Amino acid sequence: MLRKIQICLCFCFVSGILYEISLLSSCVFSYLPMAQQYLTPEQVLNLGKSIIFLETTERLEPPPLVSCSVESAARIYQDRPIILFMRGLTNETALDMNTSYAAFSLLSSMKNVFLFPLQMETVFQETPLLQWYNQVVPEQEKNWVHVSSDASRLALIWKYGGIYMDTDVISIRPIPQESFLAAQKSRFSSNGIFGFPARHKFIWDCMENFVLKYNGNIWGNQGPFLMTRMLKTLCNLTDFQGTEDHICQNISFLNPQRFYPIPYPAWSRYYQVWDKSPSFNHSYALHLWNFMNRNRKVVVAGSNTLAEKLYKTYCPTTYEDLIQNAKHRDLPDPEEVE
């Protein structure tokens with residue numbers, strides 16, 4: 001009888017510990033607003049299942065689309081860390097970011113959003129990419145902003161796991177799969193959004209192929225073309241029929257409807273007025289094809305475009321900031337009034 005009581009007490013104790021562990025991330029996020037600035041990237045990444053964004057230019061003021069992407073992810077994945085790594089950010093600017101840059105203040109006010117410097121040499125440590133990084137000359141690279149981003153996302157996901165998203169991806173519902181690639185079209189993978197657990201062999205193989213087949217003069221060779229050729233080594237890719245997903249060994253190859261319901265030739269439709277807005281019932285997130293947006297179309301408050309409706313629904317704080325900035329621009333200059 002005593003033995004049974006001891007076993008029962010032990011079970012209750014272990015159950016209590018497991019319950020406390022399950023609450024760890026939500027407990028952390030409950031106090032992070034006052035502690036965010038003291039946490040290191042490793043401490044946050046080690047919480048697990050991060051959503052990772054990258055800014056590999058030197059700019060320090062994220063435009064509205066970047067802010068919307070990060071905010072929408074923070075709202076959809078409230079129990080997960082949302083991290084924006086910025087190449088132009090240093091430890092010194094990080095200390096002053098709340099007061100110096102409006103977008104920093106907007107994003108860092110969200111309890112599960114973190115802004116960190118992107119230190120590539122540190123990111124590439126213990127990966128096949130370090131040797132490449134030490135040999136490459138960024139000033140001589142035609143597509144350095146894109147190539148360095150392609151490399152960084154692979155290293156970060158391999159080391160820590162989670163989901164990588166481009167900064168023009170608006171999240172609209174959680175992605176249920178843990179190991180996945182996103183089909184841009186049948187038989188072709190993007191690298192604008194993907195997710196894997198830490199130390200997944202597929203990502204390691206991608207990093208090795210990145211170095212082996214490196215050609216910085218071909219746009220996408222280290223990005224979507226890399227993902228596609230590596231996926232083809234595992235499976236015989238076939239066309240999608242309807243809205244089903246494909247499975248390639250232990251990797252979900254997600255239907256183009258999941259992230260690319262509007263294909264890149266029609267990217268400008270996001271900035272047009274629709275008679276009836278699409279429901280996107282089969283999508284987890286929407287890629288707005290900012291690379292195609294060479295005329296720099298933007299969301300304008302009151303324009304009633306599809307993109308504006310997405311901002312209102314999925315990143316309302318960014319949208320409110322957009323409205324306020326528009327009002328400030330419309331105010332008359334005090335000197336002109338006089």
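Residues numbered from 1 in each chain as written. Predicted model: local features only at pLDDT ≥ 70, side-chain atom pairs only at ≥ 80, totals over all residues. Heavy atoms only, no water.

Filter applied, for reference: UniProt positions are given in the numbering used here, feature names are shortened, and annotations may be inferred rather than shown by experiment.
The name given to the protein chain in an unreviewed UniProt entry is Alpha-1,4-N-acetylglucosaminyltransferase, with Lonchura striata as the source organism. Here the protein chain is described in UniProt, under the heading Subcellular location (unreviewed entry), as follows: "Golgi apparatus membrane". Quoted verbatim from the Sequence similarities (unreviewed entry) heading of the UniProt record, the comment on the protein chain is "Belongs to the glycosyltransferase 32 family."

**A look at the packing of aromatic side chains**
The condition that has to hold: The criterion for an aromatic pair is that two Phe, Tyr or Trp rings (for Trp, the six-membered ring) have centres within 6.5 Å, with stacked assigned to planes under 30 degrees apart, edge-to-face to planes over 60 apart and tilted to the rest. Numbered from the N terminus, helices here are DSSP runs of H or I no shorter than four residues, and strands are runs of E no shorter than two. Exposure classes here rest on a 1.4 Å probe applied to the protein chains alone. A residue is buried below 20% of its type maximum, exposed above 50%, and partly exposed in between. In our convention, an over-ring charge means Lys NZ or Arg CZ found within 6 Å of a ring centre and within 35 degrees of that ring's normal.
Tallying each qualifying case throughout the model produces 22 aromatic pairs. When the centroid spacing of 5.7 Å and the interplanar angle of 35° are considered together, the rings of Tyr164 and Phe194 count as tilted. Here Tyr164 is found in strand β4 (residues 162-165), whereas its partner Phe194 is found in strand β7 (residues 188-196), with 30 residues between them in sequence. Judged on exposure class, the residue Tyr164 and its partner Phe194 are both buried. Both rings, one in Trp219 and one in Phe291, keep their centres 4.8 Å apart while their planes meet at 15°; by these two values the pair is stacked. Taken as a pair, Trp219 in the loop between α11 (201-212) and α12 (224-232) and Phe291 in the loop between β10 (285-287) and α13 (306-314) lie far apart in primary sequence, 72 residues in all. Exposure remark for Trp219: the relative accessible area of 39% places this residue in the partly exposed category. The rings of Phe124, Trp132, Tyr133, Trp144, Phe210 and Tyr214 are connected pair by pair, giving a single aromatic cluster. Note that Lys185 overlies the ring of Phe188, its terminal NZ or CZ placed 5.7 Å from the centroid. If you follow Arg269 out to its NZ or CZ, it ends over the ring of Trp274, 3.9 Å from the centre.

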